Every structure is written in C-alpha cells, then in structure tokens.
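Coordinates in review
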Amino acid sequence: MGRVVRWHESFIEEMDTEHPGLLEDLAVNGQHPAFVVLACSDSRVAPETVFDALPGTIFSERSVANQFREDDLNSHAIISYSVEHLDSQHIVVMGHYGCGGVAAAIASPPPPPLDSFDEAIQEWIEPIRELYSSSDREEIVEFREEHSSSEDVPSPGLHEPAFRALVEENVKQTVLNLAESQQISEFWGNSTNEPVFIYGLVYDIENGNVLNLNVSMGPPGHEIPDVPFAVLAT
C-alpha cells in the first residue's frame, strides 16, 4: 500500500500546483461531466488515463469487456443518473484490443464442474460468446471454421484478426444495446430533452491510439457530432 500512498500524494501535489481550487469547486458546486464512458475493467485502459481527464470530466462505468446488458442494474443506474441528473450528452463505449473477456469468449470454456470464480466469468461473457458464434464478420467466420473440429479452442493471440474483429463487434453491439435500452429510447422519444449521443471507440493497448468505429447513434432529427479519431474500416 505504500505505493498507493505515494501515488495519492503525487495526485494531491498536482491538483494543488496545476489545478488549484478544482477539487473544492467540484465539491461545492457538484459534477457536470459531459462524457459518460463505458469501458473495460482492464487496468491498462482506464478512461481518465487514456483521455488525460481531470476530475469531474468523465462519468465512468467499467465492466469486463465493456458490456451493457439488460440484466445489469448497475449499468442502467449509471446511464439513468448521468443522462437524467448530470445532463451528460455524450456516451462513449470504449473497447480495447487484447481484451481478456473477449478472448475468453473465443476460447473453449473450462471443463466442468466450474468453481464460483469461473462460473461468474463464463456467465458474464456468454453474450460475447453468442456474438462470436453468430457473427458473419469474415475474420470471425474463418476462425470458427478453422477450429470447428477442435475440442479445445485456445485463447487467441493479440494480433489474431478474429480476436480484433470480435473486440470491434462487441463495441458495436454495446452501442446498439444502449440505443435500444428503455432509458435511452424514452429519453430520445422526448423531443424536449437535450440530445444524447452514443459513440463506439476501440483503444489499442500497444500504442495508445484510439480508433473510431463509425457507429455513432443519436436521437432522430439531430446531426451526429464529429468524432475526431481515425475511422477504422471494418
């Protein structure tokens, strides 16, 4: 824990010298983050680090493989609170290459009986496993066919095209899940609300670059804001 204390001391020093008064202002006047980021729990992809964001800038939700599911009350509460009460207008879904949750959805599951740890993981990644099984993305289809007779499909390598493709497809699915959720559907259905937009990005853990999947969505009648990251052709 000594390192944690040193990190905290460094944070306090930075706030005092480079951003004096910021923390007190946020405490007194509250937070009004324009951005909500749904990202993976992976320690390499913290949104506040990737985007070099100050406190009060990003309202974040992190889960294994950056999923948004109908049965996940926490994610729904975060979206509801940020959009309805914090007036956040930009929801970013950020996946990342090398995602362990996505890799686990490609690999064969561990043999039964599963302990409570494996059971929790396998249950959580089941929607991604279903996406892998049903996707018509060329790279994924080719990988499935190549391993169709394998009893034990290994975890894919970082640069395996099917792995990278499934990371991207999972982000697209999460964007769609958000757009079709009850909260966003109702919010978009009320023309008196300020527009809220959803974006799909992928972070490359090897070089730190962020790529735009070009799957942004928004309410009818509103132009989607520009996303100034390089567009990834998929």
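My aim in this report is to walk through the structure given alongside it, one point at a time. (Residues numbered from 1 in each chain as written. Predicted model: local features only at pLDDT ≥ 70, side-chain atom pairs only at ≥ 80, totals over all residues. Heavy atoms only, no water.)

1. Notes on the packing of aromatic side chains
What characterises a pair of aromatic rings is the spacing of the ring centres plus the angle enclosed by the ring planes. The final tally for this structure, using the stated rule, is three aromatic pairs. Ring centres 6.4 Å apart and planes at 70° place the aromatic pair Y132 and F143 in the edge-to-face group. Here the residue Y132 occupies a position in helix α6 (residues 116-134), and F143 occupies one in helix α7 (residues 138-146), the gap between them amounting to 11 residues. With respect to burial, Y132 and F143 carry one shared label: buried. Directly above the ring of Y97 sits R164, whose terminal nitrogen or CZ lies 3.8 Å from the centroid. (Phe/Tyr/Trp six-rings, centres within 6.5 Å; stacked < 30°, edge-to-face > 60°. Helix = DSSP H or I, 4+ residues; strand = E, 2+ residues; numbered from the N terminus. Buried < 20%, exposed > 50% of the residue type's maximum accessible area, 1.4 Å probe, protein only. Lys NZ or Arg CZ within 6 Å of the ring centre and 35° of its normal.)

2. Observations regarding unusual backbone geometry
That bond from P112 to P113 is cis: its omega, 0°, falls within 30 degrees of zero. When you line up the elements, P113 lands in the loop between α5 (100-106) and α6. Of note, D52 is a non-glycine position whose phi angle comes to about 50°, a positive value. Following the sequence through the fold, D52 ends up in the loop between α3 (47-50) and β2 (58-63). Given a relative accessible area of 71%, D52 falls into the exposed group. A positive phi angle is found at D87, which is not glycine, with a value near 60°. Examined against the element boundaries, D87 turns out to sit in the loop between α4 (73-84) and β3 (90-96).

3. Remarks on the packing of α6 against α7
At a minimum axis separation of 8 Å, α6 and α7 run at an interaxial angle of 90°. With respect to α7, the element α6 is oriented roughly perpendicular. Contacts between α6 and α7 involve Y132, S133 and S134 from the former and I140, F143 and R144 from the latter. Residue classes in the contact of α6 with α7 are distributed as three nonpolar, two polar and one charged. (Axes fitted to C-alpha atoms, helices over the stretch in contact; angles between N-to-C directions. Parallel < 35°, antiparallel > 145°, perpendicular 65-115°, else oblique. Contact = heavy atoms within 4.5 Å. Nonpolar A, V, L, I, M, F, W, Y, C, P; charged D, E, K, R; others polar.)

4. Describing the sheet that holds strand β6 (residues 230-231)
To summarise the sheet geometry, strands pair through backbone hydrogen bonds and adopt either a parallel or an antiparallel arrangement. Across the sheet, which stays open at both edges, the six strands sit in the order β2-β1-β3-β4-β5-β6 with mixed pairing between neighbours. Either end of the sheet is taken by a strand with one partner, and the two such strands are β2 and β6. Note: strand β1 (residues 35-40) against β2, six bridges, orientation parallel. Directly across from A39, in β2, lies its bridge partner R62. (Pairing = 2+ DSSP bridges.)

5. A few points about the nonpolar core
A general tendency of soluble globular proteins is for nonpolar side chains to be buried together. Judged by nonpolar contacts, the single largest core of 56 residues is most densely connected at I79, I91, V102, L166, L178 and I198. Examining the composition of this core, we find that nine residues originate from one element, helix α8 (residues 161-179), more than from any other. In this structure, I79 is in contact with V36, L38, F68, E84, I91, L178 and I184, ignoring residues within four places of it in sequence. (Core = buried A, V, L, I, M, F, W, Y, C linked by side-chain atoms within 4.5 Å.)

6. Thoughts on the pairing of β1
By the criterion of burial, β1 is predominantly enclosed, with five of the six residues buried. Sheet topology note: the β1/β3 ladder contains five bridges and is parallel. Its bridge partner being in β3, V36 is matched across the sheet by I91.

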